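Structural description and commentary
The chain contents come next:
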Amino acid sequence: MTTILDVQGLTKTFEMHHLGQSLPAFEDLSFTLHAGEFLLLSGPNGVGKSTLLRTLYRSYLPVAGHLWFHSREGVIDMANAADIDVAHLRRTEIGFVTQFLNARPRVAAEDIVAEPMRLAGYGRDEALEQARHWLAAFGVKPDLWRAYPTTFSGGEQQKVNLARALILPQRMLLLDEPTASLDKGARAALVARLAELKAQGVAMIGVFHHPGDVAALIDREIPLKPKTPIEETADVAL
Ligand SMILES: Nc1ncnc2c1ncn2[C@@H]1O[C@H](COP(=O)(O)OP(=O)(O)OP(=O)(O)O)[C@@H](O)[C@H]1O
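Residues numbered from 1 in each chain as written. Predicted model: local features only at pLDDT ≥ 70, side-chain atom pairs only at ≥ 80, totals over all residues.

Under an unreviewed UniProt entry, the name given to the protein chain is Alpha-D-ribose 1-methylphosphonate 5-triphosphate synthase subunit PhnL, and the organism recorded is Pseudooceanicola antarcticus.

Quick look at the structure:
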């Protein structure tokens, strides 16, 4: 089995200085993710599932541990990598799929979706053809393809975001409740696309409000457990 991600002793704590305490999100977490594997993160609200995904994407820095990502160009510790290397991997190998679209003013839906293919070197016509294919698959009406998603409904924006995030197979996908608020047809399209990507060897780790949606894809589960806040020890003036 090809290793894609090797997480060792990962620890994340939020410093709440105004409250005089640290909030441990997760501590000493270790697991391995292989090509074509699908890991489900589970646990109650606020236990740190989204925080873990953001740390794997390096939106948050861990306070300890290693995140060995086996990229096409070699192994890199995402916990300590330079921002420029992280940005490169986000463009080429690591996808983060959420329900929220970062819609830009005056950029058409089909151009937003086609952009990852254009950046990967595909020609404009081929990228647009694929973009329209995925917009249709997720149920975005053709009369919206040339429109600007800044004015779209929440569900429509989410569909544009999914089409963009899943248009190319990444080496690893981080999924943060991508099915939340999707209608039935789009949810089925999403699950079908994830199954296709999994079969192509894409490694996935994700959080789902309704894990039943992706039950057939799940290989393993990582249950996160609640932690208690750590009181900061006050300096005693002698
Ligand atoms: N930037 C931040 N600063 C301080 N605390 C944060 C920050 N981000 C998250 N937290 C806290 O970390 C804890 C974990 O939050 P997180 O969003 O990861 O939980 P979750 O398991 O994804 O929850 P849910 O199931 O409700 O989506 C929460 O108590 C949250 O308040």
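Glancing now at the overall build of the protein chain. For the protein chain, the count of helices and strands is six helices and ten strands. Expected size for 238 residues packed as a compact globule is a radius of gyration near 18 Å; at 19 Å, the protein chain falls within 12% of this value. In terms of principal-axis extent, the alpha carbons of the protein chain reach across some 70 × 40 × 35 Å. Burial statistics for the protein chain: of 238 residues in total, 34% are counted as buried. (Helix = DSSP H or I, 4+ residues; strand = E, 2+ residues; numbered from the N terminus. Rg over C-alpha atoms; globule rule 2.2 N^0.38 Å. Buried ≥ 20, exposed ≤ 12 C-beta atoms within 10 Å, placed from the backbone.)

Another point: the site of the ligand. The environment of the ligand is made up of F14, L23, A25, G43, N45, G46, V47, G48, K49, S50 and T51. Of all the secondary structure elements, the ones that give two or more residues to the shell around the ligand are β2 (21–34) and α1 (49–56). When residues of the shell around the ligand are assigned to their parent elements, the largest contribution, three residues, is made by α1. (Near = placed C-beta within 6 Å.)

Strand direction decides the pairing type here: strand β1 (residues 3–16) and β2, joined by ten bridges, are antiparallel. The partner of E15 across the bridge, within β2, is S22. Following β1, the chain reverses through four residues before pairing antiparallel with β2; G20 in that reversal takes a positive phi of roughly 65 degrees. (Pairing = 2+ DSSP bridges.)

On to the packing of helix α3 (residues 109–119) against helix α5 (residues 154–166), then. The interhelical angle for the contact between α3 and α5, taken along N-to-C directions, is 25 degrees, at an axis separation of 7 Å. Taken together, the axes of α3 and α5 are roughly parallel relative to one another. Relative to α5, the crossing made by α3 is right-handed. Taking contact as the criterion, the partners of A109, I112, V113, E115 and P116 in α3 are, on α5, V160, A163 and R164. (Axes fitted to C-alpha atoms, helices over the stretch in contact; angles between N-to-C directions. Parallel < 35°, antiparallel > 145°, perpendicular 65-115°, else oblique. Left-handed = near helix turned anticlockwise from the far one by under 90°. Contact = placed C-beta atoms within 7 Å.)

This part covers the environment of L52. The residue L52 is located in helix α1 in this model. Using a count of 26 C-beta atoms within 10 Å as the deciding quantity, one classes L52 as buried. As for L52 and L224, which are separated by 172 residues in sequence, their C-alpha atoms are 9.7 Å apart.

Let us look at the nonpolar core. Note that soluble globular proteins tend to have their nonpolar side chains buried in a common cluster. With 56 residues, the main nonpolar core has V113 and A163 as its most contacted residues. If we ignore the near neighbours within four places in the chain, the residues touching V113 are A131, W134, L135, V160, A163, R164 and I167. (Core = buried A, V, L, I, M, F, W, Y, C linked by C-beta atoms within 7 Å.)

Glancing now at the environment of H133. Following the sequence through the fold, H133 ends up in helix α4 (residues 124–137). The spatial distance from the C-alpha of H133 to the C-alpha of A163 is 8.9 Å, given a sequence separation of 30 residues.

In this section: the sheet that holds strand β6 (residues 94–97). Read from one edge of the open sheet, five strands run β6-β7-β8-β3-β9, paired in parallel fashion. Since the sheet does not close on itself, it has two edges, and those belong to β6 and β9 (220–223), each with one partner. Strand after strand, the sheet turns through a mean of 15 degrees between neighbouring axes, direction not considered. Relative to β9, strand β3 (residues 38–42) is paired through four bridges, and the arrangement is parallel. Of the residues in β9, the one forming a bridge with L40 is E221. Sheet strands in contact with α1 are β3, β7 (172–176) and β8 (203–207), and its direction is about 150 degrees off that of β7.

This part is about the packing of α3 against α4. A pair of packed helices is characterised by two quantities: the angle between their axes and the separation of those axes. Taken N-terminus to C-terminus, the directions of α3 and α4 make an angle of 125 degrees; their axes are 8 Å apart at the nearest point. When the interaxial angle is binned, α3 and α4 end up oblique. When the axes of α3 and α4 are compared, the crossing they make is right-handed. Along its contact with α3, which presents A109, E110, V113, A114, M117 and R118, the element α4 presents R124, A127, L128, Q130, A131, R132, W134 and L135.

On to unusual backbone geometry. Positive phi outside glycine occurs at D28, with the angle close to 50 degrees. The residue D28 is located in strand β2 in this model.

Further remarks concern the confidence of the model for the protein chain. Taken over all residues, the pLDDT of the protein chain has a mean of 91, while the share at 70 or more is 95%. Here the prediction assigns the complex a pTM of 0.90, and the interface score ipTM is 0.95. (pLDDT = per-residue confidence, 0-100.)

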